[in-house]
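This is what each chain is made of:
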Amino acid sequence: MKHGAEANSADVATTPLWRAAQALRLVTLLYAVLQQVASAPYYQNQRLSWVLIALMAVWSGASAIMLSQWRFPDVRRVRVWVVFGDHVVVIALMAATRLVADYGWYHGHQTLPTTLWATNAVIGAAILRGPLAGVLSGALIAAVALTVRDQWGQDVWTDATVPVLVSVGLALGLAANTARRAQAQLERAVRLTAATEERERLSREVHDGVLQVLSYIKRRGTEIGGPTEELAQRAAEQEVALRVLITETADRGDSGGAEVDLRPLLTAHATPSVFVSTPGDPVPVGRWAGTEIAAAVATALSNVALHAGSDAKAYVLLEDTGEELVISVRDDGVGIPPGRLAEAEAEGRLGVSRSIVGRIAALGGTADLLTEIDGGVGFGTEWEFRVPRI
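Note on numbering: residues in each chain are counted from 1, in written sequence order. Since the coordinates come from a predicted model, pLDDT governs what is reported: local features require at least 70, and pairs of side-chain atoms require 80 or more to be given and counted, while whole-chain, interface and lining totals use all residues. Side-chain measures were taken over the full set of non-hydrogen atoms in the model, leaving aside hydrogen atoms and water.

**Examining the sheet that holds strand S4 (residues 314-320)**
Only strands that DSSP links by at least two bridges are regarded as paired with each other. Every helix listed is a DSSP run of H or I at least four residues long, and every strand listed is a run of E at least two residues long, numbered separately from the N terminus. Pairing is mixed across the open sheet formed by 5 strands, whose spatial order is S2-S4-S5-S7-S6. Each edge of the sheet is formed by a strand with only one pairing partner; in this case those strands are strand S2 (274-277) and strand S6 (366-369). The mean inter-strand angle of the sheet, taken between neighbouring strand axes irrespective of direction, is 10 degrees. As paired elements, S2 and S4 share 4 bridges and run parallel to each other. Residue pairing across strands places phenylalanine 275 opposite tyrosine 315, the latter belonging to S4. Axes, fitted as lines to C-alpha atoms, cover a helix only where it is in contact. Angles between the N-to-C directions of the axes lie from 0 to 180 degrees.

Here it is in structure tokens:
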């Protein structure tokens, strides 16, 4: 099913090229007819030449109609057969030149359908299959023309037939590939926009529903005390986990563009107990860097919710100095004993070292726990992330 959708997308992308090519086909048909009027007196079999020109006109009209349509049930297969038929007709008409003219004529003049009309087969192959098919088609038609006119030899390098046909195949093939890529990028952007809007809608619903309930359970459970404190603790854990999940899902889904504004990635963590302060102007960062910084902040806030105490508040501050980004995550909770992080890492608990320190280090920055040195238990906790701008 996906393959069919991709094929249909490619067909839509090249439809303008097909239509333009058929307009050119009709123009070249007119040229071929005028050339026939001028050349017919020099043919040995004029009646056969007019019959062949009539067949060429009928085929030109039928093929132009079929190739310019896009509503056939299987438009790609139709175009494949028409382009194949184009090559058969062109080669047959070229070969028929020897039936209507003598050697002295066809050796020094164009073949019966004219070189210009013969380019339609090359153009069709190029739009259908790309530059390689276009070049090969051009080379094939040129080889047939040279063979019919018996011009293999020095004349090959002075005749314009070969470079014209090959160049047309290459140029139209490249144009068709460019159109397909542009269509694919447009559809991808549309899908990303729709997915982003849907995630934002779900995030609002979750925030207005589930997160509010969890926050209420946490607050009321803490106020009531007793056995409900454990329920309040579990609600707090799930609230934090859900907020992190929503943020990380949004980061993963937003994959368009080279840069993102770091501010919304951080303000997404704002709650009644988490205060986020960012600059008034956008803070553009690389997409991967923005995702990693936001994830490190989410982990730090998760630790605040789990270990800083039920009444603790957190403060996130983003500063852009021009040379580096400074992100501070501070809380007014119970703090952390000096050396506790090193002990946790030695015990195999690598959450902080990998989720915070490791992420920032991968960006070429540093993550410092300032109050582990300056304060300790009872002084809250403050992380300072410094990420250089590259």
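**Concerning empty space enclosed by the protein**
Residues are said to line a cavity or pocket when one of their atoms sits within 4 Å of a point; the points come from a 1 Å grid over protein atoms alone, cavities being sets where a 1.4 Å probe fits but cannot get out and pockets being open sets with protein on both sides within 12 Å along at least five of seven lines. Grid points are joined across faces, edges and corners, and a volume is the space filled by probe spheres set on the points. Taken as a whole and judged by the stated rule, the model has 1 cavity of 30 Å³ or more. As for the largest cavity, its lining consists of Trp18, Ala21, Gln22, Arg25, Leu67, Asn120, Ile123 and Gly124. Listing elements by their share of the lining of the largest cavity, those giving two or more residues are helix H1 (2-39) and helix H5 (115-129). Top element by residues in the lining of the largest cavity is H1. It accounts for 4 residues. Charged means Asp, Glu, Lys or Arg here, nonpolar means Ala, Val, Leu, Ile, Met, Phe, Trp, Tyr, Cys or Pro, and polar covers whatever is left, Gly included. Counted by class, the lining of the largest cavity contains 4 nonpolar, 3 polar and 1 charged residues.

**Topic: the side chain of glutamine 22**
Within the secondary structure, glutamine 22 sits in helix H1. Any two residues whose heavy atoms approach within 4.5 Å are treated as being in contact. Discounting chain neighbours no more than four positions away, the residues touching glutamine 22 are Ser63, Ala64, Leu67 and Ser68.

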